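# Chains, contacts and geometry: an overview
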Amino acid sequence: MVGIHNTFGIEARASRYVDYHSEEELIGLVPSLQGTPYIHIGGGSNLLFTKDYDGTVLHSCISGISVDGNCIRVGAGMIWDEFVEWTVENGWCGLENLSLIPGEVGASAVQNIGAYGVEAKDFIQKVECVDLRTGERRVFTNSECCYSYRQSIFKNELKGCYAVTYVTYLLNKEYTPRLEYGNIRSNLPEGVEITPRVVRDAIISIRNQKLPDPKVQGNAGSFFMNPVVSREKFLEIQKDYPQMPFYEVDGGVKIPAGWLIEQCGWKGKSLGRAAVHSRQALVLVNLGGADGKDILALSDAVRKSVSVRFDIDIKPEVNIL
Ligand code: EPU
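The shown structure was predicted, so the numbers you read here are calculated from the model rather than taken from an experiment. (Residues numbered from 1 in each chain as written. Predicted model: local features only at pLDDT ≥ 70, side-chain atom pairs only at ≥ 80, totals over all residues. Heavy atoms only, no water.)

## Points about the nonpolar core
By size, the foremost hydrophobic cluster in this structure holds 42 residues, and its most contacted members are Trp80, Phe83, Leu95, Val127, Phe140, Phe154 and Tyr169. Where this core is concerned, the elements lending two or more residues are strand S7 (71-75), helix H2 (80-89), helix H3 (105-111), strand S10 (124-131), strand S12 (162-170) and helix H4 (196-210). No other element matches H4, which puts five residues into this core. Not counting the four nearest positions on each side in its chain, Phe154 is found in contact with Ala109, Val110, Val127, Cys129, Phe140, Cys145, Tyr147, Lys159, Gly160 and Tyr162. Membership of the second largest hydrophobic core comes to 31 residues, among which are Phe8, Val229, Trp259 and Phe310. (Core = buried A, V, L, I, M, F, W, Y, C linked by side-chain atoms within 4.5 Å. Buried < 20%, exposed > 50% of the residue type's maximum accessible area, 1.4 Å probe, protein only. Helix = DSSP H or I, 4+ residues; strand = E, 2+ residues; numbered from the N terminus. Contact = heavy atoms within 4.5 Å.)

Encoded structure:
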(Lines give C-alpha, C1' and ligand atoms only; values in the text may rest on other atoms or scores of the structure.)
Protein backbone atom coordinates (compact mmCIF):
# COMPACT_ATOMS: atom_id res chain seq x y z
CA MET A 1 0.00 0.00 0.00
CA VAL A 2 1.18 3.52 -0.86
CA GLY A 3 0.24 6.81 0.90
CA ILE A 4 -1.97 9.22 -1.06
CA HIS A 5 -1.31 12.94 -0.74
CA ASN A 6 -4.38 14.99 0.20
CA THR A 7 -4.69 18.51 1.59
CA PHE A 8 -6.97 17.35 4.43
CA GLY A 9 -3.85 15.75 5.86
CA ILE A 10 -5.69 12.45 6.25
CA GLU A 11 -3.77 9.22 6.16
CA ALA A 12 -5.01 7.08 3.31
CA ARG A 13 -3.29 4.45 1.19
CA ALA A 14 -3.87 2.88 -2.18
CA SER A 15 -2.92 -0.57 -3.48
CA ARG A 16 -1.15 1.10 -6.42
CA TYR A 17 -0.18 4.71 -7.07
CA VAL A 18 1.09 5.88 -10.47
CA ASP A 19 2.58 9.24 -11.38
CA TYR A 20 2.80 9.48 -15.18
CA HIS A 21 4.72 12.10 -17.13
CA SER A 22 3.37 12.00 -20.69
CA GLU A 23 0.28 11.17 -22.72
CA GLU A 24 2.09 8.14 -24.18
CA GLU A 25 2.93 6.83 -20.72
CA LEU A 26 -0.73 7.20 -19.68
CA ILE A 27 -1.95 5.38 -22.79
CA GLY A 28 0.52 2.59 -22.01
CA LEU A 29 -1.04 2.21 -18.54
CA VAL A 30 -4.62 1.86 -19.78
CA PRO A 31 -4.64 -1.96 -20.32
CA SER A 32 -3.48 -2.51 -16.72
CA LEU A 33 -6.51 -0.56 -15.44
CA GLN A 34 -9.18 -2.72 -17.05
CA GLY A 35 -11.22 -4.85 -14.67
CA THR A 36 -9.79 -3.15 -11.56
CA PRO A 37 -10.96 -0.06 -9.67
CA TYR A 38 -9.07 3.14 -10.42
CA ILE A 39 -9.38 6.83 -9.73
CA HIS A 40 -7.57 9.84 -11.12
CA ILE A 41 -6.57 12.55 -8.67
CA GLY A 42 -5.15 16.05 -9.04
CA GLY A 43 -3.38 17.86 -6.22
CA GLY A 44 -5.53 16.07 -3.60
CA SER A 45 -7.19 19.37 -2.71
CA ASN A 46 -10.75 18.23 -3.32
CA LEU A 47 -10.71 14.77 -1.83
CA LEU A 48 -11.80 13.16 1.40
CA PHE A 49 -10.64 9.60 1.99
CA THR A 50 -12.79 7.74 4.50
CA LYS A 51 -10.89 4.48 3.94
CA ASP A 52 -7.89 3.09 2.08
CA TYR A 53 -8.37 2.75 -1.68
CA ASP A 54 -8.30 -0.79 -2.98
CA GLY A 55 -7.23 0.01 -6.52
CA THR A 56 -5.02 2.23 -8.66
CA VAL A 57 -4.64 5.95 -8.07
CA LEU A 58 -3.46 7.85 -11.13
CA HIS A 59 -1.82 11.25 -11.00
CA SER A 60 -0.63 13.41 -13.89
CA CYS A 61 2.82 15.00 -13.88
CA ILE A 62 2.36 16.29 -17.44
CA SER A 63 3.71 19.83 -17.40
CA GLY A 64 4.71 22.47 -19.91
CA ILE A 65 3.12 25.55 -21.43
CA SER A 66 2.98 26.38 -25.13
CA VAL A 67 1.53 29.48 -26.77
CA ASP A 68 -0.17 29.70 -30.16
CA GLY A 69 -1.70 33.14 -30.77
CA ASN A 70 -4.01 33.74 -27.81
CA CYS A 71 -4.26 30.02 -27.02
CA ILE A 72 -2.21 28.79 -24.07
CA ARG A 73 -1.92 25.00 -23.87
CA VAL A 74 -0.87 23.72 -20.48
CA GLY A 75 -0.13 20.28 -19.05
CA ALA A 76 -2.76 18.89 -16.66
CA GLY A 77 -0.20 18.21 -13.92
CA MET A 78 0.98 21.78 -13.59
CA ILE A 79 0.13 23.45 -10.28
CA TRP A 80 -2.78 25.78 -10.98
CA ASP A 81 -1.44 28.82 -9.18
CA GLU A 82 1.97 28.48 -10.86
CA PHE A 83 0.11 28.66 -14.17
CA VAL A 84 -1.86 31.74 -13.06
CA GLU A 85 1.41 33.38 -11.96
CA TRP A 86 2.92 32.56 -15.37
CA THR A 87 -0.04 34.18 -17.17
CA VAL A 88 0.20 37.37 -15.11
CA GLU A 89 3.99 37.51 -15.52
CA ASN A 90 3.67 37.12 -19.28
CA GLY A 91 0.97 39.76 -19.76
CA TRP A 92 -1.99 37.37 -20.27
CA CYS A 93 -5.23 38.53 -18.71
CA GLY A 94 -8.28 36.65 -17.44
CA LEU A 95 -7.22 34.16 -14.79
CA GLU A 96 -5.97 36.59 -12.10
CA ASN A 97 -9.25 36.33 -10.10
CA LEU A 98 -8.59 32.59 -9.82
CA SER A 99 -5.28 33.15 -8.01
CA LEU A 100 -4.21 30.85 -5.19
CA ILE A 101 -6.87 28.19 -5.78
CA PRO A 102 -5.19 24.97 -4.69
CA GLY A 103 -4.90 22.07 -7.12
CA GLU A 104 -3.67 21.40 -10.62
CA VAL A 105 -4.59 22.45 -14.16
CA GLY A 106 -6.37 19.18 -15.03
CA ALA A 107 -8.76 19.65 -12.12
CA SER A 108 -9.51 23.22 -13.22
CA ALA A 109 -11.21 21.74 -16.29
CA VAL A 110 -12.98 18.91 -14.45
CA GLN A 111 -14.21 21.00 -11.51
CA ASN A 112 -14.81 24.24 -13.40
CA ILE A 113 -13.05 26.01 -10.53
CA GLY A 114 -14.39 29.45 -9.74
CA ALA A 115 -13.83 32.41 -7.47
CA TYR A 116 -14.44 36.15 -7.31
CA GLY A 117 -16.82 36.32 -10.24
CA VAL A 118 -14.77 34.19 -12.68
CA GLU A 119 -14.98 30.52 -13.61
CA ALA A 120 -12.43 28.43 -15.52
CA LYS A 121 -15.08 27.76 -18.20
CA ASP A 122 -15.05 31.46 -19.15
CA PHE A 123 -11.56 30.93 -20.63
CA ILE A 124 -11.27 27.24 -21.49
CA GLN A 125 -11.12 26.66 -25.23
CA LYS A 126 -10.60 22.89 -25.31
CA VAL A 127 -9.69 19.97 -23.09
CA GLU A 128 -7.49 17.13 -24.34
CA CYS A 129 -8.14 13.77 -22.74
CA VAL A 130 -7.33 10.09 -22.87
CA ASP A 131 -10.18 7.59 -22.61
CA LEU A 132 -9.20 5.36 -19.67
CA ARG A 133 -11.36 2.53 -21.05
CA THR A 134 -9.76 2.35 -24.51
CA GLY A 135 -6.60 4.48 -24.50
CA GLU A 136 -7.97 6.67 -27.29
CA ARG A 137 -7.32 10.40 -27.36
CA ARG A 138 -10.28 12.77 -27.46
CA VAL A 139 -10.53 16.55 -27.56
CA PHE A 140 -13.56 18.21 -25.90
CA THR A 141 -14.55 21.70 -26.99
CA ASN A 142 -15.76 24.07 -24.30
CA SER A 143 -19.42 23.40 -25.10
CA GLU A 144 -18.87 19.62 -25.13
CA CYS A 145 -17.65 19.91 -21.53
CA CYS A 146 -21.23 20.95 -20.46
CA TYR A 147 -19.97 23.42 -17.89
CA SER A 148 -22.03 24.94 -15.10
CA TYR A 149 -21.31 25.99 -11.50
CA ARG A 150 -18.65 23.51 -10.27
CA GLN A 151 -19.87 20.95 -12.82
CA SER A 152 -18.71 19.42 -16.07
CA ILE A 153 -19.35 16.32 -18.15
CA PHE A 154 -16.25 14.81 -16.49
CA LYS A 155 -18.02 14.85 -13.09
CA ASN A 156 -21.33 13.59 -14.46
CA GLU A 157 -22.07 11.45 -17.55
CA LEU A 158 -18.40 10.69 -18.15
CA LYS A 159 -17.29 10.43 -14.55
CA GLY A 160 -14.13 8.32 -14.30
CA CYS A 161 -14.01 7.70 -18.06
CA TYR A 162 -11.40 10.28 -19.13
CA ALA A 163 -8.12 11.66 -17.83
CA VAL A 164 -7.35 15.23 -18.82
CA THR A 165 -3.88 15.59 -20.36
CA TYR A 166 -3.81 19.21 -21.58
CA VAL A 167 -6.11 22.21 -21.18
CA THR A 168 -6.05 25.10 -23.67
CA TYR A 169 -7.00 28.49 -22.27
CA LEU A 170 -7.98 31.36 -24.55
CA LEU A 171 -6.65 34.51 -22.88
CA ASN A 172 -6.36 38.20 -23.76
CA LYS A 173 -3.55 40.69 -23.82
CA GLU A 174 -6.04 43.50 -23.16
CA TYR A 175 -7.29 43.74 -19.62
CA THR A 176 -10.97 43.97 -18.64
CA PRO A 177 -10.95 43.98 -14.83
CA ARG A 178 -13.63 41.88 -13.11
CA LEU A 179 -14.02 43.63 -9.77
CA GLU A 180 -17.73 43.36 -9.00
CA TYR A 181 -17.55 40.42 -6.62
CA GLY A 182 -17.71 41.02 -2.85
CA ASN A 183 -14.83 42.91 -1.36
CA ILE A 184 -12.30 42.95 -4.23
CA ARG A 185 -12.49 46.73 -4.68
CA SER A 186 -11.96 47.48 -1.01
CA ASN A 187 -8.81 45.33 -1.07
CA LEU A 188 -7.22 47.22 -3.97
CA PRO A 189 -4.56 49.78 -3.11
CA GLU A 190 -5.67 53.37 -3.70
CA GLY A 191 -4.29 55.51 -6.51
CA VAL A 192 -2.68 52.57 -8.30
CA GLU A 193 -3.38 51.50 -11.89
CA ILE A 194 -5.54 48.36 -11.93
CA THR A 195 -3.52 45.59 -13.57
CA PRO A 196 -3.82 41.78 -13.41
CA ARG A 197 -0.84 41.82 -11.01
CA VAL A 198 -2.57 44.26 -8.64
CA VAL A 199 -5.79 42.21 -8.72
CA ARG A 200 -3.89 38.94 -8.24
CA ASP A 201 -2.19 40.40 -5.15
CA ALA A 202 -5.56 41.59 -3.78
CA ILE A 203 -7.18 38.16 -4.33
CA ILE A 204 -4.24 36.44 -2.66
CA SER A 205 -4.60 38.75 0.31
CA ILE A 206 -8.40 38.16 0.59
CA ARG A 207 -7.93 34.39 0.36
CA ASN A 208 -5.16 34.42 2.95
CA GLN A 209 -7.38 36.38 5.35
CA LYS A 210 -10.35 34.03 5.00
CA LEU A 211 -9.15 30.59 4.02
CA PRO A 212 -6.92 28.32 6.09
CA ASP A 213 -3.59 27.29 4.57
CA PRO A 214 -3.72 23.49 4.10
CA LYS A 215 -0.02 23.30 4.98
CA VAL A 216 -0.90 24.63 8.43
CA GLN A 217 -4.38 23.17 8.95
CA GLY A 218 -5.71 20.35 6.76
CA ASN A 219 -8.69 21.32 4.60
CA ALA A 220 -10.08 21.04 1.08
CA GLY A 221 -11.30 24.60 0.53
CA SER A 222 -15.07 24.88 0.25
CA PHE A 223 -16.45 21.59 1.52
CA PHE A 224 -19.98 22.29 0.24
CA MET A 225 -21.42 23.80 -2.91
CA ASN A 226 -23.66 26.84 -2.65
CA PRO A 227 -27.23 25.60 -3.12
CA VAL A 228 -29.53 27.02 -5.79
CA VAL A 229 -33.14 27.20 -4.62
CA SER A 230 -36.37 28.20 -6.35
CA ARG A 231 -37.50 31.84 -6.19
CA GLU A 232 -40.46 30.86 -4.02
CA LYS A 233 -38.24 29.06 -1.55
CA PHE A 234 -35.82 32.00 -1.48
CA LEU A 235 -38.62 34.53 -0.80
CA GLU A 236 -39.97 32.34 1.99
CA ILE A 237 -36.56 32.27 3.76
CA GLN A 238 -35.93 35.96 3.06
CA LYS A 239 -39.09 36.87 5.00
CA ASP A 240 -37.41 35.62 8.19
CA TYR A 241 -33.84 36.60 7.21
CA PRO A 242 -33.92 39.89 5.28
CA GLN A 243 -30.10 40.20 5.57
CA MET A 244 -29.45 36.89 3.78
CA PRO A 245 -26.87 37.31 0.97
CA PHE A 246 -27.92 35.83 -2.39
CA TYR A 247 -27.13 35.78 -6.12
CA GLU A 248 -29.67 35.52 -8.92
CA VAL A 249 -28.64 32.67 -11.25
CA ASP A 250 -30.18 30.72 -14.12
CA GLY A 251 -32.86 28.50 -12.67
CA GLY A 252 -33.23 30.16 -9.28
CA VAL A 253 -31.38 31.92 -6.49
CA LYS A 254 -28.00 30.87 -5.10
CA ILE A 255 -27.59 31.16 -1.34
CA PRO A 256 -24.09 31.00 0.21
CA ALA A 257 -23.82 27.73 2.13
CA GLY A 258 -21.33 29.45 4.45
CA TRP A 259 -24.08 31.82 5.55
CA LEU A 260 -26.58 28.98 6.10
CA ILE A 261 -24.02 27.07 8.19
CA GLU A 262 -23.17 30.16 10.22
CA GLN A 263 -26.88 30.76 10.96
CA CYS A 264 -27.04 27.24 12.36
CA GLY A 265 -24.33 28.16 14.86
CA TRP A 266 -21.60 25.93 13.43
CA LYS A 267 -18.98 28.54 12.55
CA GLY A 268 -15.82 27.86 14.59
CA LYS A 269 -17.43 24.80 16.25
CA SER A 270 -15.81 21.38 16.36
CA LEU A 271 -16.97 17.79 16.47
CA GLY A 272 -14.20 15.46 17.58
CA ARG A 273 -11.05 16.23 15.61
CA ALA A 274 -12.87 18.14 12.83
CA ALA A 275 -14.12 21.72 12.87
CA VAL A 276 -15.98 24.33 10.87
CA HIS A 277 -13.48 27.08 10.07
CA SER A 278 -13.86 30.21 12.18
CA ARG A 279 -13.52 32.68 9.29
CA GLN A 280 -15.37 30.84 6.49
CA ALA A 281 -18.04 28.35 7.51
CA LEU A 282 -17.97 26.65 4.12
CA VAL A 283 -14.60 25.14 4.96
CA LEU A 284 -14.17 22.10 7.22
CA VAL A 285 -10.77 21.64 8.83
CA ASN A 286 -8.74 18.84 10.34
CA LEU A 287 -7.80 19.95 13.86
CA GLY A 288 -4.99 17.39 13.83
CA GLY A 289 -5.16 13.62 13.64
CA ALA A 290 -8.69 13.52 12.16
CA ASP A 291 -9.57 10.67 9.85
CA GLY A 292 -12.02 10.85 6.98
CA LYS A 293 -14.83 9.52 9.14
CA ASP A 294 -14.39 12.42 11.62
CA ILE A 295 -14.75 14.95 8.79
CA LEU A 296 -17.71 13.05 7.35
CA ALA A 297 -19.45 12.97 10.76
CA LEU A 298 -19.08 16.76 10.99
CA SER A 299 -20.31 17.18 7.41
CA ASP A 300 -23.38 15.05 8.17
CA ALA A 301 -24.13 17.00 11.36
CA VAL A 302 -23.81 20.35 9.54
CA ARG A 303 -26.01 19.17 6.65
CA LYS A 304 -28.63 17.96 9.08
CA SER A 305 -28.74 21.31 10.90
CA VAL A 306 -29.12 23.22 7.63
CA SER A 307 -31.80 20.82 6.47
CA VAL A 308 -33.78 21.06 9.74
CA ARG A 309 -33.58 24.85 9.89
CA PHE A 310 -33.91 25.82 6.22
CA ASP A 311 -35.15 22.66 4.50
CA ILE A 312 -32.18 22.84 2.13
CA ASP A 313 -29.84 19.90 1.49
CA ILE A 314 -26.34 21.32 1.00
CA LYS A 315 -24.20 18.99 -1.12
CA PRO A 316 -20.49 18.37 -0.59
CA GLU A 317 -18.24 19.75 -3.29
CA VAL A 318 -15.42 17.51 -2.14
CA ASN A 319 -15.19 13.98 -3.57
CA ILE A 320 -15.75 11.52 -0.77
CA LEU A 321 -14.07 8.15 -1.24
N1 EPU B 1 -20.76 34.08 4.42
C2 EPU B 1 -21.21 34.07 5.73
N3 EPU B 1 -20.56 33.27 6.61
C4 EPU B 1 -19.50 32.51 6.28
C5 EPU B 1 -19.05 32.51 4.93
C6 EPU B 1 -19.71 33.31 4.02
O7 EPU B 1 -22.16 34.75 6.10
O8 EPU B 1 -18.96 31.84 7.17
C9 EPU B 1 -21.39 34.99 3.47
C10 EPU B 1 -20.46 36.15 3.16
O11 EPU B 1 -20.62 37.21 4.06
C12 EPU B 1 -20.88 36.57 1.77
C13 EPU B 1 -21.32 35.26 1.15
O14 EPU B 1 -21.58 34.36 2.22
O15 EPU B 1 -21.96 37.45 1.82
C16 EPU B 1 -20.32 34.69 0.18
O17 EPU B 1 -19.10 34.43 0.85
P18 EPU B 1 -17.70 34.30 0.08
O19 EPU B 1 -17.46 35.51 -0.74
O20 EPU B 1 -16.66 33.94 1.09
O21 EPU B 1 -17.93 33.15 -0.96
P22 EPU B 1 -18.60 31.70 -0.86
O23 EPU B 1 -19.83 31.69 -1.69
O24 EPU B 1 -18.74 31.29 0.55
C25 EPU B 1 -17.40 30.85 -3.01
C26 EPU B 1 -16.54 29.72 -3.46
C27 EPU B 1 -15.12 29.89 -2.96
C28 EPU B 1 -14.57 31.18 -3.51
C29 EPU B 1 -15.48 32.32 -3.04
C30 EPU B 1 -15.08 33.64 -3.63
C31 EPU B 1 -18.07 27.83 -3.63
C32 EPU B 1 -18.44 26.49 -3.11
N33 EPU B 1 -17.08 28.45 -2.98
O34 EPU B 1 -17.48 30.81 -1.60
O35 EPU B 1 -14.35 28.81 -3.48
O36 EPU B 1 -13.24 31.41 -3.08
O37 EPU B 1 -16.83 32.06 -3.48
O38 EPU B 1 -15.44 33.69 -4.95
O39 EPU B 1 -18.65 28.29 -4.59
C40 EPU B 1 -13.37 26.67 -3.08
O41 EPU B 1 -14.04 26.27 -4.02
O42 EPU B 1 -12.60 25.93 -2.43
C43 EPU B 1 -13.50 28.07 -2.66
C44 EPU B 1 -12.88 28.54 -1.60
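## What about the sheet that holds strand S1 (residues 2-3)?
Here four strands make up an open sheet; going across it, the order is S1-S2-S5-S3 and the pairing mixed. The sheet is open, and its two borders are formed by S1 and strand S3 (38-41), each paired with just one other strand. Sheet topology note: the S3/strand S5 (residues 53-60) ladder contains four bridges and is parallel. Opposite Ile41, over in S5, you have His59 as the bridge partner. Docked against the sheet, helix H1 (residues 23-33) engages strand S2 (13-20), S3 and S5, running at close to 150° with respect to S2. (Pairing = 2+ DSSP bridges. Axes fitted to C-alpha atoms, helices over the stretch in contact; angles between N-to-C directions.)

## What to know about H2
For H2, the set of buried residues is Trp80, Asp81, Phe83, Val84, Thr87 and Val88. In an axial view of H2, the angular spread of the buried residues amounts to 155°, which keeps them on one side of the axis. For H2, the elements touching its buried residues are strand S6 (65-68), S7, H3, S12 and H4. After H2 finishes, the residue Gly91 shows a positive phi value of roughly 80°. (Arc of directions from axis to C-beta.)

## Considerations on the site of the ligand
Neighbouring residues of the ligand: 23 residues in total, closest Tyr116, Tyr149, Arg150, Tyr181 and Glu262. Interatomic distance of 2.7 Å between a side-chain N/O atom of Tyr149 and an oxygen atom of the ligand. Here an oxygen atom of the ligand sits 2.6 Å away from a polar atom, N or O, in the side chain of Arg150. Within the complex, 83% of the 810 Å² of free accessible area of the ligand lies under protein. (Near = heavy atom within 4 Å. Polar contact = N/O pair within 3.5 Å; in protein donor to acceptor, adjacent residues only side chain to side chain. Areas by Shrake-Rupley, 256 points an atom, 1.4 Å probe, with all protein chains shown as cover.)

## Observations concerning the side chain of Asn286
Relative to the elements of secondary structure, Asn286 occurs in strand S19 (residues 283-286). Within the local environment of Asn286, its side chain forms a polar contact with the backbone nitrogen of Gly289, the two atoms lying 3.5 Å apart. Here the side chain of Asn286 touches Ala290 through a polar contact of 3.0 Å, landing on its backbone nitrogen. Residue contacts for Asn286: discarding those within four places in its chain leaves Phe8, Gly9, Ile10, Gln217, Gly218, Arg273 and Ile295.

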